Amino acid sequence: MIKVGLIGCGFFAVNQMQGWADAEGAQVTAICDRDPDRLAAMGARFGIAQRFDDAARMMREADLDVVDIATTLPSHRPLVMAAAEAGLHAICQKPFAETLEDARAIVAAMERAGRVLMVHENFRWQSPIRAVLAALREGAVGRPFFGRVSFRSGYDVFSGQPYLATDPRFIIQDLGIHILDIARALFGEVERLSASTARINPAIRGEDVATILMDHAGGVTSVVDCSYATRRDETFPQTLIEIDGTEGTLRLEAGYRLVIDRRGDRQVRDVSPPLLPWAERPWHNIQESVALIQQDFVACLREGRVPETSGRDNLATLALVEAAYASARDGSRVRP
Ligand code: NAD
Ligand code: 89V
């Protein structure tokens, strides 16, 4: 049994605790938070007796194999570095570092320690996204030449995650990072990118709209567009996808409808994610992907396999985030 210590008992960590409870071959045996109320509430809810207010102490004293870092961004570098020093595998929430330099240092430290680092980049693990990836890889539309990966919503994310309203960076760093990662998973690495951003909601500090145009090395041109200022029939938290290829087109439409047109034939499938017993709409899509990515992390450790969203892999997603901010700031076209 792989013993997991979870750090950060906040808003999102509950999903991670539920995911670990579902996972075969792993178990949370210790938890940590600096906030005593959050620590006590999580401990009581999941029956975890080993509780720590200091992560370094938990890593020293709790007999762990893995730390699951569910804290917010500023603590990620010191916590993963401490895991490397303690000889523990780590799964760290996105964005896994504040700068690319920090991210490279984290990856190097974990590689030197010979330990596995997975970034909890779960959106590409959503079952509707897996269905699109599978169709694309099976050649459903031939060779893709255009893609659009879109997330537009008016959902109030600030009540659950108040830091999203006050951080200087918002939508690209928090949500766009997922959508850029899906574009990488679908179309491969990016050679050039340009981005525009806007702040529509005057009550927040960062940008809440971003439109990013990318040239992929394999020949696809893609558009990643994200908004938290879009008022319409609410689709949160669905990512919608359009792909045009030499043999046909694919659309992942609102309501998890997958439509593939190929040489005059139309195939329509419902690719809705299951509603896990502990999940609630509309978050169930994200919640299922948490369970799936954590189960895959366990399989990677067991099989000695490098995770799809390893720290090293995720450097390329983080580079897209940085390039998008640089492009939006300077009005330039950037090589990530
Ligand atoms: P949160 O502020 O609600 O919770 C973070 C918790 O970590 C707090 O309880 C805080 O006290 C604790 N903490 C911070 N630093 C600590 C340290 N050094 N030692 C011990 N405890 C510490 O944040 P959240 O909304 O749960 O977000 C956490 C992370 O999850 C963020 O990186 C966020 O981007 C990410 N997130 C990911 C998804 C997803 O789908 N992948 C969704 C939501 C949030
Ligand atoms: O997935 C996330 O990182 C979340 C949300 C979907 C609300 O943007 O912060």
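Predicted model only: the values in this text are computed from it and were never measured.

K.L.:
Honestly, the UniProt feature "domain: GFO/IDH/MocA-like oxidoreductase" (unreviewed entry) in the chain in this entry has me stumped. Any pointers?
P.N.:
The residues that UniProt annotates with the feature "domain: GFO/IDH/MocA-like oxidoreductase" (unreviewed entry) are residues 130-251. Span residues 130-251 is 24% helix and 35% strand, its end C-alpha atoms 14 Å apart.

K.L.:
Even after reading the chapter, I still don't get the sheet that holds strand β4 (residues 66-69), so can you show me in this structure?
P.N.:
Two strands in a sheet stick together by hydrogen bonds in their backbones, pointing the same way (parallel) or opposite ways (antiparallel). Strands sit in the order β3-β2-β1-β4-β5-β6 across an open sheet of six strands; the sheet is parallel. Each edge of the open sheet carries a strand with a single partner, namely β3 (51-52) and β6 (117-120). Where strand β1 (residues 2-7) and β4 come together, four bridges link them in parallel fashion. Across the sheet, Ile7 pairs through a bridge with Ile69, a residue of β4.

K.L.:
Just to check I follow, could you spell out the site of ligand 2 for this structure?
P.N.:
Contacts to ligand 2 come from Lys94, Phe123, Val157, Gln161, Asp174, Leu175, His178, Tyr228, Trp283 and Ile286. In the environment of ligand 2, an oxygen atom lies 3.0 Å from a nitrogen or oxygen atom belonging to the side chain of Tyr228. With three residues, the top contributor of residues to the shell around ligand 2 is helix α8 (residues 171-187). The class makeup of the residues in the shell around ligand 2 is six nonpolar, two polar and two charged.

K.L.:
I keep staring at the domain arrangement of the chain and nothing clicks. Help me out?
P.N.:
In many analyses, interface size is given as the accessible surface area lost on bringing the parts together. Here the chain is partitioned into domain 1 (2-115) and domain 2 (124-291 + 316-330). Each of domain 1 and domain 2 was reduced to a C-alpha centroid, and the two centroids are 27 Å apart. Listed per partner, the contact involves 17 residues of domain 1 and 17 residues of domain 2. Between domain 1 and domain 2, roughly 1300 Å² of surface is buried when both sides are summed, and carbon and sulfur atoms account for 74% of that area. Among the residues of domain 1 in contact with domain 2, Phe11, Lys94 and Leu100 are the three that bury the most area, contributing 36% of the side total. Across the contact surface, domain 1 and domain 2 share one salt bridge. The partner of Lys94 in a salt bridge is Asp174, with the nearest N and O atoms 3.1 Å apart. Summed over the shared surface of domain 1 and domain 2, the result is three residue pairs in polar contact (both at pLDDT 80 or more). Mapped by element, the contributors of at least two residues to the side of domain 1 that touches domain 2 are α1 (13-22) and α5 (100-113). If one sorts the elements of the side of domain 1 that touches domain 2 by residue count, α1 sits on top with five residues. Looking at the side of domain 1 that touches domain 2 residue by residue, the class counts come to eight nonpolar, six polar and three charged.

K.L.:
Explain the nonpolar core here, please?
P.N.:
Considering soluble globular proteins, one finds that nonpolar side chains tend to be buried as a cluster. Formed by 89 residues in total, the largest nonpolar core has its most connected members in Val67, Phe96, Leu186 and Ile241. A per-element tally of this core places α8 first, with 11 residues. Contacts of Ile241, omitting those with residues within four sequence positions, involve Ile129, Val132, Arg148, Val149, Ile182, Leu186, Leu250, Arg251 and Leu252. Core analysis: the next-biggest nonpolar cluster, separate from the first, contains 25 residues, Ile2, Cys9, Leu39 and Ile293 among them.

K.L.:
I tried to follow helix α6 (residues 127-137) on my own but got confused; where do I start?
P.N.:
Because each turn of an α-helix spans 3.6 residues, side chains separated by three or four positions end up pointing in the same direction. Within the sequence span of α6, burial applies to Pro128, Ile129, Ala131, Val132, Leu133, Ala135 and Leu136. Two residues or fewer after α6 comes Gly139, characterised by a positive phi angle close to 85 degrees.

K.L.:
Where do I start with the pattern of salt bridges in this structure?
P.N.:
Pairing is possible between side chains of opposite charge, provided their charged atoms come close. Within this structure, the stated rule accounts for 25 salt bridges. For Lys3, the salt bridge identified is with Asp65, shortest N-O distance 4.0 Å. With Lys3 in strand β1 and Asp65 in the loop between α3 (55-61) and β4, this residue pair connects regions lying 62 residues apart in the sequence. We classify Lys3 as partly exposed; its relative accessible area is 24%. The exposure class assigned to Asp65 is partly exposed, which follows from its relative accessible area of 28%. Close ionic contact of Arg251 with Asp244 constitutes a salt bridge, the shortest N to O distance being 3.2 Å. Residue class for Arg251 comes out partly exposed when judged on its relative accessible area of 23%.

K.L.:
Teacher, can you tell me more about the site of ligand 1 here?
P.N.:
Contacts to ligand 1 come from 25 residues, most closely from Phe12, Asp33, Arg38, Asn122 and Tyr163. Between an oxygen atom of ligand 1 and a main-chain N or O atom of Thr71, the distance comes to 3.3 Å. One of the side-chain nitrogen or oxygen atoms of Asn122 is found 2.7 Å away from a nitrogen atom of ligand 1. Notes on ligand 1: free accessible area 850 Å², of which the protein chains cover 90%.

The rules behind these values
- Residues numbered from 1 in each chain as written.
- Chains lettered and ligands numbered in written order.
- Predicted model: local features only at pLDDT ≥ 70, side-chain atom pairs only at ≥ 80, totals over all residues.
- Heavy atoms only, no water.
- UniProt positions renumbered as here; feature names shortened; annotations may be inferred.
- Helix = DSSP H or I, 4+ residues; strand = E, 2+ residues; numbered from the N terminus.
- Pairing = 2+ DSSP bridges.
- Near = heavy atom within 4 Å.
- Polar contact = N/O pair within 3.5 Å; in protein donor to acceptor, adjacent residues only side chain to side chain.
- Nonpolar A, V, L, I, M, F, W, Y, C, P; charged D, E, K, R; others polar.
- Domains from an automatic or database assignment.
- Contact = heavy atoms within 4.5 Å.
- Buried area = accessible area lost by both parts, 1.4 Å probe.
- Salt bridge = Lys/Arg side-chain N within 4 Å of Asp/Glu carboxyl O.
- Core = buried A, V, L, I, M, F, W, Y, C linked by side-chain atoms within 4.5 Å.
- Buried < 20%, exposed > 50% of the residue type's maximum accessible area, 1.4 Å probe, protein only.
- Areas by Shrake-Rupley, 256 points an atom, 1.4 Å probe, with all protein chains shown as cover.

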